[in-house]
Amino acid sequence: MSLDRTFQQYFAALDRAGHGDRCFVCRRTPAEVKQFFGFREDGTPIDAARYGIEDVVLDRLDIMSYGGARPVCAVCQLNLDALLLSGDRDALHELLQEMEEQRDKLWPADDAPAPDDGV
Ligand SMILES: [Zn+2]
């Protein structure tokens, strides 16, 4: 993909996302995704000398996808890949439905004791 087309795709994705450069699913920023993978905001490894990866640089395009309906980060893509590979697609759909329709079942009321209370 040409650089020009890449930028057009990026800005179109930000428009769809309300101008926020964050993952639609987890709300991580590109800098937070880089930090999750052990890289500084400039894409260089945080602990390069320790791991012998001084030459590795994380590209902006490696951490966020702007090609879909909304921006998605590499963490969420990898998590979804793992969920689907493990055959948990039905459980994921069930959980999404519970999160949407049965929030009170998933999360305790404010006055409920914490699970480790009294232990
Ligand atoms: Zn994400």
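Rules used in this analysis
Residues numbered from 1 in each chain as written. Predicted model: local features only at pLDDT ≥ 70, side-chain atom pairs only at ≥ 80, totals over all residues. Helix = DSSP H or I, 4+ residues; strand = E, 2+ residues; numbered from the N terminus. Rg over C-alpha atoms; globule rule 2.2 N^0.38 Å. Core = buried A, V, L, I, M, F, W, Y, C linked by C-beta atoms within 7 Å. Buried ≥ 20, exposed ≤ 12 C-beta atoms within 10 Å, placed from the backbone. Contact = placed C-beta atoms within 7 Å. Expected span 1.5 Å × (residues − 1). pLDDT = per-residue confidence, 0-100.

S.K.: Now, about the overall build of the chain: what can you tell me, with residues and values included?
M.R.: A count of helices and strands for the chain gives 6 helices and 2 strands. For the chain, the α and β elements follow one another from N to C terminus as α-α-α-β-β-α-α-α. The C-alpha radius of gyration of the chain comes to 19 Å, more than 25% above the 14 Å expected for a compact globule of 119 residues. In terms of overall dimensions, the chain has a C-alpha envelope of 55 × 40 × 30 Å along the principal axes.

S.K.: Can you explain unusual backbone geometry? Please cite residues and give values.
M.R.: Positive phi values are uncommon outside glycine, yet Arg-27 reaches one of about 70°. The topology assignment puts Arg-27 in the loop between α1 (3-16) and α2 (30-36).

S.K.: Which residues make up the nonpolar core, and what values go with them?
M.R.: Ala-13, Cys-23, Val-33, Phe-39, Leu-58, Ile-63, Met-64, Tyr-66, Cys-73 and Ala-74 together form the largest nonpolar core, which totals 10 residues. When residues no more than four places from it in sequence are discounted, the contact partners of Ala-74 are Val-33, Asp-62 and Ile-63.

S.K.: How would you summarise helix α4 (residues 74-85) if you had to cite specific residues and measurements?
M.R.: Over its 12 residues, α4 runs 16 Å from end to end, which matches the ideal 16 Å to within 8%, given 1.5 Å per residue. Where α4 ends, the next residue or the one after it, Gly-87, has phi of about 80°, a positive value.

S.K.: Any details on α1? Residues and values, ideally.
M.R.: In this model α1 runs 20 Å from its N-terminal to its C-terminal C-alpha over 14 residues, within 8% of the 20 Å that 1.5 Å per residue would give. Backbone geometry just after α1 places Gly-18 at a positive phi near 75°.

S.K.: Explain the confidence of the model for the chain residue by residue, including any values.
M.R.: Overall, the prediction assigns the chain a mean pLDDT of 85, with 92% of residues at 70 or greater. Model confidence for the chain, summarised as mean pLDDT per element, is weakest for helix α3 (residues 48-51) at 76 and strongest for strand β2 (residues 72-73) at 96.

S.K.: How would you summarise the environment of Asp-104 if you had to cite specific residues and measurements?
M.R.: Of note, Asp-104 is situated in helix α6 (residues 103-106). Spatially, the C-alpha atom of Asp-104 lies 48 Å from that of Glu-54, the residues being 50 residues apart in sequence.

S.K.: Describe the environment of Ser-65, listing the residues and the values that go with them.
M.R.: On the secondary structure map, Ser-65 appears in strand β1 (residues 64-65). For the pair Ser-65 and Gln-77, spaced 12 residues apart in the sequence, the C-alpha separation amounts to 9.0 Å.

S.K.: Account for the environment of Asp-116, with residues named and values stated.
M.R.: Note on placement: Asp-116 falls in the segment after α6. Each C-alpha atom, one on Asp-116 and one on Ala-69, is 41 Å from the other, the two residues being 47 residues apart in sequence.

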